[in-house]
Amino acid sequence: MRRIRHLSMLGLAAGVLTACQPETVLLSEDIPTAGIRFVHAVPDTGAMDLRPVDIVENNHFFGVTFRSTAQLYYRNARAGKRQFRIFMNGTTAAVASTVVKDTTVTLEAGKLYTFMLWGFARPGSTPGMRLTIIEDAAPEPAAGRMALRVVNAGAGLGALDVTAFKDGVTAPTSPTWAGVAELTASAYVMADTSRIRYRVTPSGAATTLFSDALALTGARGGVDFEALPGTQISQSGVSGIVFPRAVAGSQAGTSTTPGIIFVWDRRPPRAPGT
């Protein structure tokens, strides 16, 4: 009995000493980040990878093909002066080590960027392949409004006239963006939230390159989830990216006509309480 009492007293003493120790606070680094995404708009070559080569970071884009929508979302990247490379995607060392582009860019915390690879890869083709890093700086719309933009990634298509109009009504005769040069992005315009279609024609022409396309509509949020940006969601930002047709016989695929995809550039504010 005496032995048990002795051990109990030791346990009590240890508990008192432990309770008297100050709390230990483990601080984790608050890393400033920007958002990046990668768009492959080169119509005469195969899949590519974009990845950082200056630090280890989980924001790689692997196996991105021409006109792909599979990975069109932003990933966090540490802000500051950064180095990225674009490689050909492949299963052999020779292909996978082929550097397509090497770039150093300064990313600002809280900003969003699109790494846009566009133009033709084949020598002698115009415009030649280039990497452009676009800051997706959609201005903040007022309540009930949203921001719209078009990106002309159509190498070989020339300047484009693009009209954004409400679904179900006749498109106006004057384009929203006139003469958008190839391999450039337009300015943003503000519009009321609605289902929106884009009509795309060569500049000054009447014939459309493809059927009027319905833009990203989005979805309203709730208590447990955020809203998905889109033209029907107040204070969103949306871009339409126009692509050329794939070059016949290339690894770019079998797209025989130009096309358009839609991405969001700005999230709406969080609803109160979410």
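Sequence order sets the numbering: in each chain, residues are counted from 1 along the sequence as written. Confidence filtering applies because this is a predicted model: local features only for residues at pLDDT of at least 70, side-chain atom pairs given and counted only at 80 or more, and all residues used for totals across whole chains, interfaces and linings. Computation of side-chain values covers all heavy atoms of the structure but excludes hydrogens and water.

Some remarks on the packing of aromatic side chains
Part 1: Pairing of aromatic rings covers Phe, Tyr and Trp, the last through its six-membered ring, and needs centres within 6.5 Å; plane angles under 30 degrees mean stacked, over 60 mean edge-to-face, and all others mean tilted. Scanning the model with the defined rule gives five aromatic pairs in all.
Part 2: Only when the NZ atom of a Lys or the CZ atom of an Arg is both within 6 Å of the ring centre and within 35 degrees of the ring normal do we say a charge sits over the ring. Taking the ring centre of Phe87 as reference, the NZ or CZ of Arg51 above it sits at 3.8 Å.
Part 3: Above the plane of the ring of Phe61 lies Arg75, whose end atom (NZ or CZ) is 4.5 Å from the centre.

Here we look at the nonpolar core
General note: in soluble globular proteins, nonpolar side chains tend to be found buried as a group.
Part 1: Residue types Ala, Val, Leu, Ile, Met, Phe, Trp, Tyr and Cys, when buried and joined through side-chain atoms within 4.5 Å, form a set referred to as a nonpolar core. The classification of residues rests on relative accessible area computed with a 1.4 Å probe and restricted to protein chains. Under 20% of the type maximum is buried, over 50% is exposed, and intermediate values are partly exposed. Grouped together as the largest cluster of nonpolar side chains are 20 residues, with contacts concentrated most on Leu148, Trp177, Tyr198 and Val242.
Part 2: Note on conventions: DSSP H or I runs of at least 4 residues are helices, E runs of at least 2 residues are strands, and numbering of each starts at the N terminus. Of all the secondary structure elements, the ones that give two or more residues to this core are β9 (145-152), β10 (160-166), β11 (177-180), β14 (196-202), β16 (237-243) and β17 (259-266).

Some words on the sheet that holds strand β8 (residues 130-135)
Two modes of strand pairing occur in sheets, parallel and antiparallel, and in both the strands are linked by backbone hydrogen bonds.
Part 1: Strands were regarded as paired on the criterion that DSSP finds at least two bridges between them. The sheet built from four strands is open, its strands ordered β4-β1-β7-β8 with mixed pairing. This sheet does not close on itself; its edge strands, each paired only once, are β4 (75-78) and β8. On average, each strand axis in the sheet is tilted by 35 degrees relative to the strand beside it, whichever way the strands run.
Part 2: Judged from the four bridges that link them, strand β1 (residues 33-41) and β4 form a sheet pairing that is antiparallel. Its bridge partner lying in β4, Ile36 is registered against Arg75. Comment: axis = line fitted to C-alpha atoms, over the contacting stretch for helices; angle = value between 0 and 180 degrees taken between N-to-C directions.

Structural notes on the layout of surface pockets
Part 1: Definitions used for this entry: grid spacing 1 Å over protein atoms alone; cavity, a set of points where a 1.4 Å probe fits but cannot get out; pocket, an open set with protein on both sides within 12 Å along at least 5 of 7 lines; lining residue, one with an atom within 4 Å of a point. Grid points are joined across faces, edges and corners, and a volume is the space filled by probe spheres set on the points. Empty space within the second largest pocket amounts to approximately 190 Å³.
Part 2: Broken down by secondary-structure element, the contributors of at least two residues to the lining of the second largest pocket are β10 and β14.
Part 3: Amino acids outside the nonpolar list (Ala, Val, Leu, Ile, Met, Phe, Trp, Tyr, Cys, Pro) and the charged list (Asp, Glu, Lys, Arg) are all regarded as polar, and Gly is one of them. For the lining of the second largest pocket, the residue count by class is five nonpolar, four polar and two charged.

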